[in-house]
Amino acid sequence: MWRSALGRVHRTDLALSLTILALVGAGFYLSTTFEEVSPLFADTIQPEFFPRLLLWTIGILALLLPFEHAFRSKRGDSGLDEDRRVAVQPIAYVTFAAALVLVAAAEWLGTYLTLVAICFALPLLWGERRWIPLTAFAVGFPTAVMVLFTQAFQIYFQPGVFGLSLN
């Protein structure tokens with residue numbers, strides 16, 4: 001089985017997988033540089049837990065990427081290359097840039113306002129023009145997330161320059 005699976009590995013998928021794994025390794029190394037939490041507060045989730053969980057998930061998916069053709073051909077799907085011929089739409093790059101700017105401003109804005117800004121800006125960018133549902137989502141969803149994490153899980157979030165937080 002491995003021989004047939006390895007025979008179908010595409011070099012671009014393998015290069016992409018290795019690049020992703022290198023980035024995962026760099027991210028994992030960065031998570032080892034986080035400050036240690038005082039033993040007094042060690043009963044909660046440690047700061048490196050979620051980034052490492054995400055990195056492990058990305059790493060496992062990256063390991064499976066070169067064998068995607070083999071998995072799909074066993075199921076009878078042959079449209080993988082056809083789907084990849086369609087160019088990435090420009091809105092994907094604009095979305096990435098907007099998310100990058102908003103996340104970069106997170107330390108200054110604080111967690112809550114960053115979530116509100118993201119929940120407002122991205123649907124607006126994608127063409128949503130119904131202001132009442134958009135505003136309800138942009139305020140309601142971040143508020144629900146913040147209340148859940150601050151009250152139920154006792155997680156502290158940065159208030160930002162305006163000092164707005166639900167801690």
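These numbers come from a predicted model, not from an experiment.

Chemist: I'd like to hear about the overall build of the protein, residue by residue, with values.
Modeler: When its secondary structure is counted, the protein shows 9 helices and 0 strands. Tracing the protein from N to C terminus, the helices and strands come up as α-α-α-α-α-α-α-α-α. The burial tally for the protein puts 19% of its 167 residues in the buried class. When contacts within the protein are restricted to residue pairs at least 6 apart in sequence, those whose partners lie at least 24 apart make up 55%. Summing over all exposed atoms, the protein offers an accessible surface of approximately 12,200 Å²; the carbon and sulfur share of this is 70%.

Chemist: Outline the side chain of Ser17, supporting the account with residue identities and numerical values.
Modeler: Relative to the helices and strands, Ser17 resides in helix H2 (residues 11-31). On the accessibility criterion, Ser17 (3% relative accessible area) is buried.

Chemist: Got a sec to walk through helix H8 (residues 111-125)? Specific residues and values, please.
Modeler: When the terminal C-alpha atoms of H8 are compared, their 21 Å separation across 15 residues agrees well with the 21 Å that a helix rising 1.5 Å per residue should span. Buried within H8 are the following residues: Tyr112, Thr114, Val116, Cys119, Leu122 and Pro123. Contacts made by the buried residues of H8 are with helix H6 (90-104), helix H7 (106-109) and helix H9 (131-152). Two residues or fewer after H8 comes Gly127, characterised by a positive phi angle close to 110°.

Chemist: Got a sec to walk through the side chain of Ser31? Specific residues and values, please.
Modeler: Within the fold, Ser31 resides in helix H2. Within the local environment of Ser31, its side chain forms a polar contact with the backbone oxygen of Phe28, the two atoms lying 2.6 Å apart. Not counting the four nearest positions on each side in its chain, Ser31 is found in contact with Glu48 and Arg52.

Chemist: Talk me through the packing of aromatic side chains; I want residue IDs and the actual numbers.
Modeler: Going through the model one piece at a time under the given rule, you end up with 3 aromatic pairs. For the ring pair Phe120 and Trp131, a centre distance of 6.0 Å and an interplane angle of 35° mean the geometry is tilted. Residue Phe120 is located in helix H8, and its partner Trp131 is located in helix H9; the two are separated by 11 residues in the primary sequence. Taking 5.6 Å as the distance between ring centres and 20° as the angle between the ring planes, the aromatic pair formed by Phe137 and Phe141 counts as stacked. You can see Phe137 and its partner Phe141 sitting in helix H9, 4 residues apart, about one turn around the helix.

Chemist: Describe the confidence of the model for the protein, with residues and values.
Modeler: Of the residues in the protein, 77% reach a pLDDT of 70 or more, and the chain-wide mean stands at 81. Across residues 1-5 the pLDDT falls below 50, and counting only partners more than four positions away or on other chains, this stretch makes 4 contacts in the model.

Chemist: Account for the packing of H2 against helix H3 (residues 49-64), naming residues and giving values.
Modeler: For the pair H2 and H3, interaxial distance at closest approach is 9 Å and the crossing angle is 165°. The pairing of H2 with H3 is recorded here as roughly antiparallel in orientation. Crossing of H2 against H3: the hand is left-handed. Of the residues in H3, those touching H2 at Ser17, Ile20, Leu21, Val24, Gly27, Phe28 and Ser31 are Arg52, Leu55, Trp56, Ile58, Gly59, Ala62 and Leu63. Here the residues of the contact of H2 with H3 are counted per class, giving 9 nonpolar, 4 polar and 1 charged.

Chemist: Outline the packing of H6 against H8, supporting the account with residue identities and numerical values.
Modeler: Following both chains from N to C, one finds H6 and H8 inclined at 165°, their axes separated by 10 Å at the closest point. Viewed along their axes, H6 and H8 adopt a mutual orientation that is roughly antiparallel. Relative to H8, H6 is oriented so that their crossing is right-handed. Note on element contacts: H8 touches H6 through Thr114, Ala117, Ile118, Ala121, Leu122 and Leu125, opposite Ile91, Val94, Thr95, Ala98, Leu102 and Val103. Within the contact of H6 with H8, the residues separate by chemical class into 10 nonpolar, 2 polar and no charged.

What counts, and where the lines are drawn
Residues numbered from 1 in each chain as written. Predicted model: local features only at pLDDT ≥ 70, side-chain atom pairs only at ≥ 80, totals over all residues. Heavy atoms only, no water. Helix = DSSP H or I, 4+ residues; strand = E, 2+ residues; numbered from the N terminus. Buried < 20%, exposed > 50% of the residue type's maximum accessible area, 1.4 Å probe, protein only. Contact = heavy atoms within 4.5 Å. Areas by Shrake-Rupley, 256 points an atom, 1.4 Å probe, with all protein chains shown as cover. Expected span 1.5 Å × (residues − 1). Polar contact = N/O pair within 3.5 Å; in protein donor to acceptor, adjacent residues only side chain to side chain. Phe/Tyr/Trp six-rings, centres within 6.5 Å; stacked < 30°, edge-to-face > 60°. pLDDT = per-residue confidence, 0-100. Axes fitted to C-alpha atoms, helices over the stretch in contact; angles between N-to-C directions. Parallel < 35°, antiparallel > 145°, perpendicular 65-115°, else oblique. Left-handed = near helix turned anticlockwise from the far one by under 90°. Nonpolar A, V, L, I, M, F, W, Y, C, P; charged D, E, K, R; others polar.

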